Amino acid sequence: MPETVVANDLRAQWTEIGGDAARALERVGRSGWFVLGEEVLALEAALQNELGVRFAVGVGNGLDALEIGLRCAGLAPGDRVLTTPLTAFATTLAIVRAGGVPVFVDVDPCGVIDLDAAEGRLRGGGIRFLLPVHLYGHAVDLARLEGLARAHDVIVVEDCAQSILATSHGVRTGSVGAAAATSFYPTKNLGALGDGGALFTNDEAIAARARSLRDYGQTSKYVHGELGVNSRLDELQAAILRTAMLPRLAAWTARRREIARVYRASIDNPGLVVPGVPAGSDSVAHLFPVLAARRDDFLAHLAERRIQGSVHYPHLASNQAALRGVPFEISSSLTHAEAFAASEVSLPIHPFLSDADIARVIDACNSF
Ligand SMILES: *Cc1c(COP(=O)(O)O)cnc(C)c1O
């Protein structure tokens, strides 16, 4: 029996990074300082450098990075935030927690927010924020996004949890919004050995406020300017991210892109649709979605061949019970989003797949 081709291989990752992670633990343990210290500052500097952004602010997770980003970008209670329903629920939850009202529009055939539908809704007025998600590692068209934001006077906050290093027409995701958020959840392209996240901005005032909000809203020791949260990043996660993960991110991303290229060239089955990527997007292939009308059969077919398929996402945010009684709006038909929710399957795509694993996945797709 061959071994299972898993969706994420964090054990194989440990084999590669374990030595560096152990050295990071030793360094942090010896320092005697465990939360928001020199290691967090060093990670923030490394991220600024790597991503070409002026300020990176480490926080506890991606959800908090989004919530803090929205608040720092000036979201006031009741402000409408135009967004996609096809995403991790955290995107929607961050809007609601910040006091905003999610306004959902459909996705395009690639699975990211449909900018035509967004433009239609923006013309209707009353929207203050636009929160695109660079889903699956694909970059939403940033030039078009910027144009929409300018034409309709809305503030963009980008969800880059799946898109670190992705570019749109050569421009990095996260560089167009007033703020951008990412997650270091272990399965992300840049994952920690636990929870973590970061907010990116080129605006010094936004960065300063984010540093305060992540730490109870302190402006200086025991002085609280506003109601913040506890979303501090550990020294240990920061040290591991900077010295064990970040130096490998470029090579891991190259391997993901290579696998995506091979899948795209080799999967040929009329029963499966391989969605395209947005115009100008150099995707970082966080996930590799295919659409299968007979999804349960396809998942069973993969499982029989010991291949772990997964689904992103089976339920639209707008359908979640958590939103009962919470103000939100649906501003267009969600036809494409519903189709993804009903038929999407993510094939294994991570840097530790062997060429034989990749061949097995392709064979399983083409024999379905
Ligand atoms: C993972 C993820 C988040 C949330 O990040 P956490 O660190 O889990 O809070 C938000 N948005 C998207 C698109 C994600 O994939």
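Scroll up for the structure.
Enquirer: Give a description of the overall build of the chain that names residues and reports values.
Expert: Helix and strand counts for the chain stand at eleven helices and 16 strands. For 368 residues, the compact-globule estimate of 2.2 N^0.38 gives 21 Å, and the chain sits close to it at 20 Å. Per-residue burial over the chain gives 54% buried out of 368 residues. In the chain, 74% of the contacts between residues at least 6 apart in sequence involve partners at least 24 apart.

Enquirer: Describe the site of the ligand, listing the residues and the values that go with them.
Expert: Around the ligand sit 14 residues, and of these Gly62, Leu63, Asp159, Ser183 and Lys188 come closest. Contact between the ligand and glycine 62: an oxygen atom at 2.8 Å from a main-chain N or O atom of the residue. Residue lysine 188 places a side-chain N or O atom 2.5 Å away from an oxygen atom belonging to the ligand. In isolation the ligand has 380 Å² of accessible area, and contact with the protein removes 88% of it. Here the ligand occupies the largest pocket. When the residues that make up the shell around the ligand are grouped by side-chain class, the tally is six nonpolar, six polar and two charged.

Enquirer: Just give me the short version of unusual backbone geometry, but keep the residues and values in it.
Expert: The linkage connecting histidine 312 with the following residue, tyrosine 313, adopts the cis geometry, with an omega of 10°. Note on placement: tyrosine 313 falls in the loop between helix H9 (295-304) and strand E15 (329-330). One non-glycine residue, leucine 36, lies in the positive phi region at around 45°. You can see leucine 36 is positioned in the loop between helix H1 (10-31) and helix H2 (38-51). Residue arginine 306 is not a glycine yet carries a positive backbone phi of 55°. For arginine 306, a relative accessible area of 31% corresponds to the partly exposed category.

Enquirer: Quick rundown of helix H10 (residues 335-343)? Include the residues and the values.
Expert: Restricting attention to buried positions, one finds in H10 the residues Ala337, Phe340, Ala341 and Ser343. Against strand E14 (288-292), H9 and strand E16 (344-347) lie the buried residues of H10.

Enquirer: How would you explain the pairing of strand E3 (residues 101-104) if you had to name every residue and give the values?
Expert: The alternating pattern of E3 places Val101 and Val103 on one face and Pro102 and Phe104 on the opposite face, and all of these are buried. In this sheet, E3 lies alongside strand E2 (residues 80-83) in parallel orientation, the contact comprising four bridges. Among the inter-strand pairings, threonine 83 is bridged to a residue of E3, identified as phenylalanine 104. One crossover worth recording links E2 to the parallel E3 by way of helix H4 (residues 89-97), and it is right-handed. Direction of pairing for E3 relative to E15: parallel, over a ladder of two bridges.

Enquirer: Which residues make up the pattern of salt bridges, and what are the values?
Expert: Following the criterion strictly, the structure yields 23 salt bridges and no others. In this structure, arginine 144 and aspartate 116 form a salt bridge, with 2.9 Å as the shortest nitrogen-oxygen distance. Here arginine 144 is found in helix H6 (residues 142-152), whereas its partner aspartate 116 is found in helix H5 (residues 115-123), with 28 residues between them in sequence. Salt-bridge contacts for arginine 144 lead to glutamate 119; the nearest nitrogen and oxygen are separated by 2.9 Å. Linking arginine 144 in helix H6 with glutamate 119 in helix H5, this pair joins segments that are 25 residues apart in sequence. The structure contains a network of salt bridges with shared partners spanning Glu16, Asp20, Arg23 and Arg248.

Enquirer: Talk me through the packing of aromatic side chains; I want residue IDs and the actual numbers.
Expert: The description of an aromatic ring pair rests on the distance of the ring centres and on the angle between the ring planes. Taken as a whole and assessed by the stated rule, the structure comprises five aromatic pairs. Taking the centre distance of 6.3 Å and the plane angle of 25° together, the rings of tyrosine 136 and phenylalanine 340 count as stacked. One end of the pair, tyrosine 136, is in the loop between strand E4 (129-131) and H6; the other, phenylalanine 340, is in helix H10, and 204 residues separate them in sequence. Taking the relative accessible area as the measure of exposure, phenylalanine 340 reaches 2% and is therefore buried.

Cut-offs applied
Residues numbered from 1 in each chain as written. Predicted model: local features only at pLDDT ≥ 70, side-chain atom pairs only at ≥ 80, totals over all residues. Heavy atoms only, no water. Helix = DSSP H or I, 4+ residues; strand = E, 2+ residues; numbered from the N terminus. Rg over C-alpha atoms; globule rule 2.2 N^0.38 Å. Buried < 20%, exposed > 50% of the residue type's maximum accessible area, 1.4 Å probe, protein only. Contact = heavy atoms within 4.5 Å. Near = heavy atom within 4 Å. Polar contact = N/O pair within 3.5 Å; in protein donor to acceptor, adjacent residues only side chain to side chain. Areas by Shrake-Rupley, 256 points an atom, 1.4 Å probe, with all protein chains shown as cover. 1 Å grid on protein atoms, 1.4 Å probe; cavity = no way out; pocket = protein on both sides within 12 Å on 5 of 7 lines; lining within 4 Å. Sits in = over half its atoms within 2 Å of the grid points. Nonpolar A, V, L, I, M, F, W, Y, C, P; charged D, E, K, R; others polar. Pairing = 2+ DSSP bridges. Right-handed = clockwise from strand over helix to strand, strands pointing away. Salt bridge = Lys/Arg side-chain N within 4 Å of Asp/Glu carboxyl O. Phe/Tyr/Trp six-rings, centres within 6.5 Å; stacked < 30°, edge-to-face > 60°.

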